Structures are given as structure tokens and as C-alpha cells.
Amino acid sequence: MADPTPAHALDPAPGPEDAKLATLARATRARTQAPAGAAVRDLDGRTYAAADVALASLHVGALDLAVAMAVSSGARGLEAALVVADALPDVGAVRDLAGAGVPVFRADTAGTVVEGTLT
């Protein structure tokens, strides 16, 4: 994984469509009271939001689950991803679906993007 970069220094910088991802990720996290929420946008502009899942027999991170939801809905790539969490998680699943150069942002609980990386 690439080193996280402060959001203001990331190229491309977060845009208006990424603010929508923050809203979705925050809402999903709040609704489920999970430690993290994530949202991704596919190449057609469709969005998928997920929260961490922690069951006795299943543990899936929010970002991985959002990517899985996109794949299971027929997405062939991603434009961007955003996670609301204490730390930027591994972005391997995003890279697997989207390839290199896709922005993955991390926002705080207020929805402010605080860092990001490129796959």
C-alpha cells in the first residue's frame, strides 16, 4: 500500500462527489454503530456503502465489504473510495477491482477528509 498523504496534498484532491461518499460512509457507520464505515463509487457513478461486520464466525472490514457489494452488483471498476475510520485500512480490494491510481480517502467522524492514498 502506498503511504497515506494529507488530503490537501493528494492529487486528485477530494471533490464534491467524494463528499457524497463521506455522507454515505458516515451514515452507515452511525446506523450500525460500527467502528468504521465505507463507501465506493463505480465507473457508472453507482455508490455502495458498508460498515464493519463482526460476528462470531465472520469479520469483514467496511471497505472490503463495500468493494464486495460493488462486485456482486456487476461493477467493473471503481472511481473512488472513502472510509470513515481511525486509520486508513489496506486498500488491496480496491486495487484488485479498480487497478492503480484510484483515490482512497479517509475521513474523520465529522466527514472531513484527513488523508488519502492512491491504489
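A. Spotlight on the overall build of the protein. Across its full length, the protein carries three helices and eight strands. Starting at the N terminus and walking to the C terminus, you meet the elements of the protein as β-α-β-β-β-β-α-β-α-β-β. Of all 119 residues assigned to the protein, the portion counted as buried reaches 40%. The contacts in the protein between residues at least 6 apart in sequence include a share of 52% that link residues at least 24 apart.

B. Structural context of unusual backbone geometry. Positive phi, close to 55°, is recorded for Gln33, a residue that is not glycine. For Gln33, the location among the structural elements is in the loop between α1 (16–32) and β2 (37–42).

C. Quick peek at the environment of Leu78. You can see Leu78 is positioned in strand β6 (residues 78–84). Taking the relative accessible area as the measure of exposure, Leu78 reaches 3% and is therefore buried. Between the C-alpha atom of Leu78 and that of Asp42, which follows or precedes it by 36 residues, the distance is 4.1 Å. Contact partners of Leu78, with chain neighbours within four places excluded, come to Val40, Arg41, Asp42, Leu43, Val67, Ala70, Val94, Leu97, Ala98 and Val102.

Here is what the cut-offs are and how they apply
- Residues numbered from 1 in each chain as written.
- Predicted model: local features only at pLDDT ≥ 70, side-chain atom pairs only at ≥ 80, totals over all residues.
- Heavy atoms only, no water.
- Helix = DSSP H or I, 4+ residues; strand = E, 2+ residues; numbered from the N terminus.
- Buried < 20%, exposed > 50% of the residue type's maximum accessible area, 1.4 Å probe, protein only.
- Contact = heavy atoms within 4.5 Å.

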